[in-house]
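# Descriptive analysis of the structure
Here is how the chains run, residue by residue.
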Amino acid sequence: MSLLVVGLSHRSAPVSVLERASLAADAQAKLLQDTLAAEPATEAAVLATCNRIELYADVDKFHAGVAELSTLLAQHSGVGLEELTPYLYVHYEDRAVHHLFSVACGLDSMVVGEGQILGQIKDALARGQELHTAGRLLNDLFQQALRVGKRAHSETGIDRAGQSLVTFGLQQLAAGADPALWAGGKRALVIGAGSMSSLAAATLARTGVAEIVVANRTRARADRLVEILQQGDDTAVRARAVEMSAVGDELTRADIVVSCTGSTGLVLTADALAEALGVSLDAAPEAPPVTAVAPAPDDVDQHAAWVENGSAASAAHAGPATPRRVTVPAQSTGPVRLALLDLAMPRDIDGAAHRIAGVRLVDIESLADASADAPMAADVDRVRTIVSDEVAAFGAAQRAAHVAPTVVALRTMAADVVAGEIARLDGRLPDLDEKQRAEITQTVRRVVDKLLHAPTVRVKQLASEPGGAGYADALRELFDLDPQTVAAVSRADLNDPNRGRS
């Protein structure tokens, strides 16, 4: 296994860089195809969410893989490699597995314990399968990540360690008040009808808003979301769908706006918001920005060492990480007439909205700043233990799977030898009756099976241990197995239509 992940997230990069590096669906597909065309990679998958972009690949060369994946991320994101490199992190083999499992459990999320990442991992796997860029390793890895994430949520209270991004965002909009009391009776406008917007609408409905208006570029999806909201047994919210062209009018009636679309440009400009509130943007005072200091992860320095020195060993001696300064615009003062929650990446709502009197804006950047001090539940330690155990089990299973085709090829060769010898015996002793021939054949097979049993069982055990990858090579060498035969067994297993189903 030579799993490599190169990426950036809210932990390593400012939101401004994440926004510029965000990848649309077609860009993700092209990135996967180009990664597979690159020499070091044989499989690829991309995990792109509102606060992370990660490229996973099965590579045969570490340094070449890091350089190639970093370059591809830069090319497809549109952010220059020199600018992107300081924000990239690199994980390899077991550390890469540990990273994805931690992500799946919500340990690496902006709000610890949120479960939305599981759906995004599922989407990443489906995209890799659809484009045929995810092979045996990445299929197994992402399938297991989903199982680990579900296990963490079912066996621990990690959900109590934090809330979904939507819930956390509403708490920030409520500014310390009970979100249910704050939102009760208000009118909400939800822009977008994807998974995050649907979650926002459902959360608003449970919170107790009086009305939800859904606007989406595809009207049918907005209608479908409204239908789902009205069918909910635990809410009695009024809901209706509108065209995107009606957003301006709906802003004049809304108290809360949640936006999460796939748009590459602004959906709500500061001018449009000011017009809806009947105020002048030019007259709004400019509030001074607030500068906070957030720690930069060690992986940033590690990646810089890899790139600069071309040596993984040098990364172990990288100096302490340099703190990253995050500038968050201050909010306007006074009563809040319109509360805005922007969950899109890149952003849907103009950051200048914070200058408009009566507007409170919470976006990904302010959520990241606010969640830095969020309390960690004791269950997080239990989840970390689950992740560590699952990483060890996954590594052992992958190493054992690596030797399995060799064992199959060995037993196939032995069966061919038995068949050849029985055929030769038939030629030399043609008078044997069927009973005698069957007894001789069974005896020879038993002898071969007994001779092969101990070494094949033992080699599987040894191969599952750390450093056991070489046992398959030793077995092939000792028994002079044809590498093409072993490869054919691997291909047959990979093409099994039932493989990877869960």
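Residues numbered from 1 in each chain as written. Predicted model: local features only at pLDDT ≥ 70, side-chain atom pairs only at ≥ 80, totals over all residues. Heavy atoms only, no water.

## Some words on the overall build of the chain
Secondary structure assignment for the chain yields 20 helices and 12 strands. Buried residues in the chain amount to 47% of all 502 residues. Sequence separation of at least 24 residues holds for 74% of the intrachain contacts in the chain that already meet a minimum separation of 6. (Helix = DSSP H or I, 4+ residues; strand = E, 2+ residues; numbered from the N terminus. Buried < 20%, exposed > 50% of the residue type's maximum accessible area, 1.4 Å probe, protein only. Contact = heavy atoms within 4.5 Å.)

## Describing the environment of phenylalanine 168
With respect to the helices and strands, the residue phenylalanine 168 is situated in helix α8 (residues 165-174). Residue phenylalanine 168 is classed as buried on the basis of its relative accessible area, which comes to 6%. Note: C-alpha distance between phenylalanine 168 and leucine 367 (199 residues apart in sequence) is 7.8 Å.

## A look at the pattern of salt bridges
Applying the stated criterion across every chain yields a total of 22 salt bridges. One salt bridge in this structure joins glutamate 19 and arginine 347, with 2.5 Å as the shortest N-O distance. Highlighted residues: glutamate 19 in helix α1 (residues 15-21) and arginine 347 in the loop between β11 (338-342) and β12 (359-363), separated in sequence by 328 residues. On the basis of relative accessible area, glutamate 19 is assigned to the buried category, the value being 14%. Judged by its relative accessible area of 21%, arginine 347 falls in the partly exposed class. Here arginine 187 ties to glutamate 211 by a salt bridge, and the two come within 3.8 Å at their closest N and O atoms. Of this pair, arginine 187 sits in strand β5 (residues 187-191) while glutamate 211 sits in strand β6 (residues 211-215), and the two are 24 residues apart along the sequence. Residue classification places glutamate 211 among the buried positions, given a relative accessible area of 12%. When salt bridges with common partners are traced through the structure, they connect Arg187, Glu211, Arg240, Glu250 and Arg253 into a single cluster. (Salt bridge = Lys/Arg side-chain N within 4 Å of Asp/Glu carboxyl O.)

## So, helix α10 (residues 195-207)
A turn of α-helix holds 3.6 residues, and therefore any two residues three or four places apart point the same way. The terminal C-alpha atoms of α10 lie 18 Å apart, and with 13 residues this matches the ideal 18 Å at 1.5 Å per residue to within 8%. Residues of α10 that are buried: Met196, Ser197, Leu199, Ala200, Ala201, Thr203, Leu204, Ala205 and Thr207. (Expected span 1.5 Å × (residues − 1).)

## Some thoughts on the environment of lysine 122
Assignment of secondary structure puts lysine 122 in helix α6 (residues 116-130). C-alpha of lysine 122 to C-alpha of leucine 146: the two residues are 24 residues apart in sequence and 7.2 Å apart in space.

## Looking at the sheet that holds strand β3 (residues 52-59)
With antiparallel pairing, four strands are arranged side by side in an open sheet as β2-β3-β1-β4. Each edge of the sheet is formed by a strand with only one pairing partner; in this case those strands are β2 (41-49) and β4 (89-92). The mean angle between the axes of side-by-side strands here comes to 15°, regardless of whether they run parallel or antiparallel. Pairing between strand β1 (residues 3-9) and β4: four bridges, direction antiparallel. Bridge pairing in β4 places leucine 4 opposite tyrosine 92. Lying over the sheet, helix α5 (residues 94-104) contacts β1, β2, β3 and β4, oriented at roughly 115° with respect to β4. (Pairing = 2+ DSSP bridges. Axes fitted to C-alpha atoms, helices over the stretch in contact; angles between N-to-C directions.)

## A look at the confidence of the model for the chain
Interpretation of the predicted coordinates at a detailed level should be avoided for regions scoring low in pLDDT. Residues at a pLDDT of 70 or more form 79% of the chain, whose mean pLDDT is 80. Taken as a whole, residues 497-502 scores under 50 in pLDDT and shows seven contacts with residues more than four places along the chain or in a different chain. (pLDDT = per-residue confidence, 0-100.)

## Side note on the sheet that holds β11
An order of β7-β6-β5-β8-β11-β12 is seen for the six strands of this open sheet, with the pairing classed as parallel. Across the chains shown, the open sheet's two edge strands, defined by having one partner strand only, are β7 (238-242) and β12. Along the sheet, successive strands turn relative to each other by an average axial angle of 15°, direction set aside. Pairing between β6 and β7: five bridges, direction parallel. Residue valine 214 lies in a different strand from β7, and its bridge partner there is alanine 241.

## Some details on the nonpolar core
The nonpolar side chains of a soluble globular protein tend to be buried, and buried together. With 70 residues, the main nonpolar core has Leu8, Leu204, Ile212 and Leu343 as its most contacted residues. Excluding residues within four positions of it along the chain, isoleucine 212 makes contact with Ala188, Val190, Ala201, Leu204, Ala205, Leu229, Val237, Arg238, Ala239 and Arg240. Judged by nonpolar contacts, the second largest core, of 35 residues, contains Val5, Ala134, Val383 and Val387. (Core = buried A, V, L, I, M, F, W, Y, C linked by side-chain atoms within 4.5 Å.)

## Brief notes about the packing of aromatic side chains
With the rule as written, the count across this model stands at three aromatic pairs. Judged by centre distance (5.4 Å) and plane angle (80°), the rings of tyrosine 56 and phenylalanine 142 are edge-to-face. Note that tyrosine 56 is positioned in strand β3 and phenylalanine 142 in helix α7 (residues 136-155), a separation of 86 residues in sequence. Of the two residues, tyrosine 56 and phenylalanine 142, neither departs from the other in class, the shared state being buried. (Phe/Tyr/Trp six-rings, centres within 6.5 Å; stacked < 30°, edge-to-face > 60°.)

## Things to note about a nonpolar patch on the surface
On the surface, a cluster of nonpolar side chains totalling about 370 Å² of accessible area is made up of Met413, Val417, Leu478 and Phe479. Of the residues examined, leucine 478 reaches a relative accessible area of 70% and is grouped as exposed. (Patch = residues over 30% accessible without salt bridge, like charges linked within 9 Å, V, L, I, M, F, W, Y side chains within 5 Å. Areas by Shrake-Rupley, 256 points an atom, 1.4 Å probe, with all protein chains shown as cover.)

## Here we look at the packing of α6 against α7
Two packed helices can be described by the angle between their axes and the distance between those axes. The geometry of α6 relative to α7 is characterised by a closest axis approach of 10 Å and an angle of 165° between their N-to-C directions. With respect to α7, the axis of α6 lies roughly antiparallel. Taken as a pair, α6 and α7 cross one another with a handedness that is left-handed. Between α6, through Leu118, Ile121, Lys122, Ala124, Leu125 and Gln129, and α7, the contact on the second element is made entirely by Leu138, Asn139, Phe142, Gln143, Ala145, Leu146, Gly149, Lys150 and His153. Residue classes in the contact of α6 with α7 are distributed as eight nonpolar, five polar and two charged. (Parallel < 35°, antiparallel > 145°, perpendicular 65-115°, else oblique. Left-handed = near helix turned anticlockwise from the far one by under 90°. Nonpolar A, V, L, I, M, F, W, Y, C, P; charged D, E, K, R; others polar.)

## Overview of the pairing of β1
Two faces belong to every sheet, and in a regular strand the side chains alternate between them. In terms of burial, β1 is largely enclosed, as seven of its seven residues are buried. Burial along β1 is two-sided: Leu3, Val5, Gly7 and Ser9 and Leu4, Val6 and Leu8, pointing in opposite directions, are all buried. Bridging between β1 and β3 involves seven bridges; their strand directions are antiparallel. Bridge assignment links serine 9 to a residue of β3, and that residue is arginine 52.

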